[in-house]
Amino acid sequence: MQKISCAAMAACALVASAAEPSFKTGVKLNVGDKPIAYEVGHLVPAVADWNGDGKKDLIVGHFMGKDGNVKLFINSGTDAAPVFEKEQSLMADNKPIRLDAG
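Residues numbered from 1 in each chain as written. Predicted model: local features only at pLDDT ≥ 70, side-chain atom pairs only at ≥ 80, totals over all residues. Heavy atoms only, no water.

(A) Spotlight on the overall build of the protein. Assigned secondary structure in the protein consists of one helix and twelve strands. Sequence-ordered secondary structure for the protein, helices as α and strands as β, is β-α-β-β-β-β-β-β-β-β-β-β-β. Across the 102 residues of the protein, 24% fall into the buried class. Within the protein, residue pairs in contact and separated by at least 24 positions form 36% of the contacts whose partners lie at least 6 positions apart. Total accessible area on the protein is roughly 7100 Å²; 57% of this is exposed by carbon and sulfur atoms. (Helix = DSSP H or I, 4+ residues; strand = E, 2+ residues; numbered from the N terminus. Buried < 20%, exposed > 50% of the residue type's maximum accessible area, 1.4 Å probe, protein only. Contact = heavy atoms within 4.5 Å. Areas by Shrake-Rupley, 256 points an atom, 1.4 Å probe, with all protein chains shown as cover.)

(B) Quick peek at the confidence of the model for the protein. Scored by pLDDT, the protein has a mean of 81; 79% of the residues are at 70 or more. A low-confidence stretch, residues 7-17 stays under pLDDT 50, and its non-local contacts, those more than four residues away or across chains, total 21 contacts. (pLDDT = per-residue confidence, 0-100.)

(C) Quick look at the pattern of salt bridges. On inspection of all chains with the given rule, the structure shows two salt bridges. Between aspartate 53 and lysine 55 there is a salt bridge; the shortest N-O distance is 3.9 Å. A salt bridge links lysine 71 to glutamate 87, with the shortest nitrogen-to-oxygen separation between them at 3.6 Å. Here lysine 71 is found in strand 9 (residues 67-73), whereas its partner glutamate 87 is found in the loop between strand 9 and strand 10 (88-89), with 16 residues between them in sequence. (Salt bridge = Lys/Arg side-chain N within 4 Å of Asp/Glu carboxyl O.)

(D) Summary view of the side chain of lysine 71. Here lysine 71 falls in the buried class, since its relative accessible area comes to 13%. A distance of 2.7 Å separates polar atoms of two side chains, one belonging to lysine 71 and the other to serine 89. The residues touching lysine 71, leaving out its near neighbours within four places in the chain, are Tyr38, Leu58, Ile59, Val60, Glu87, Gln88 and Ser89. (Polar contact = N/O pair within 3.5 Å; in protein donor to acceptor, adjacent residues only side chain to side chain.)

(E) Expanded view of the pairing of strand 8 (residues 57-64). The buried fraction of strand 8 amounts to six of the eight residues, a majority that puts the element mostly inside the structure. Note: strand 7 (residues 42-48) against strand 8, seven bridges, orientation antiparallel. Residue pairing for strand 8: alanine 48 is matched across the bridge by aspartate 57. Where strand 8 meets strand 9, seven bridges bridge the pair, whose relative direction is antiparallel. Within strand 9, the position partnered with histidine 62 by the bridge is asparagine 69. (Pairing = 2+ DSSP bridges.)

As structure tokens, then:
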């Protein structure tokens, strides 16, 4: 199956200016030396300091077919040079948060 990486999700960063917007070159986001990748589907990335350590973590909502889920990648690096740890499923009441169709 075809995969899409987080680099495709966040391929370019918009630099706003009063004159005209421009885009910076995108970067691949990795866990270790492997790109963060999912089977093709709808992806919704977000960054937030999830664990309160002052560093931006990556949260990815992934929807494909009838099922969806939310994954968390904790940043153990810095905001300027993030190092993302292995994905975790976001949980509520000891169950993975699901994004079901319908």
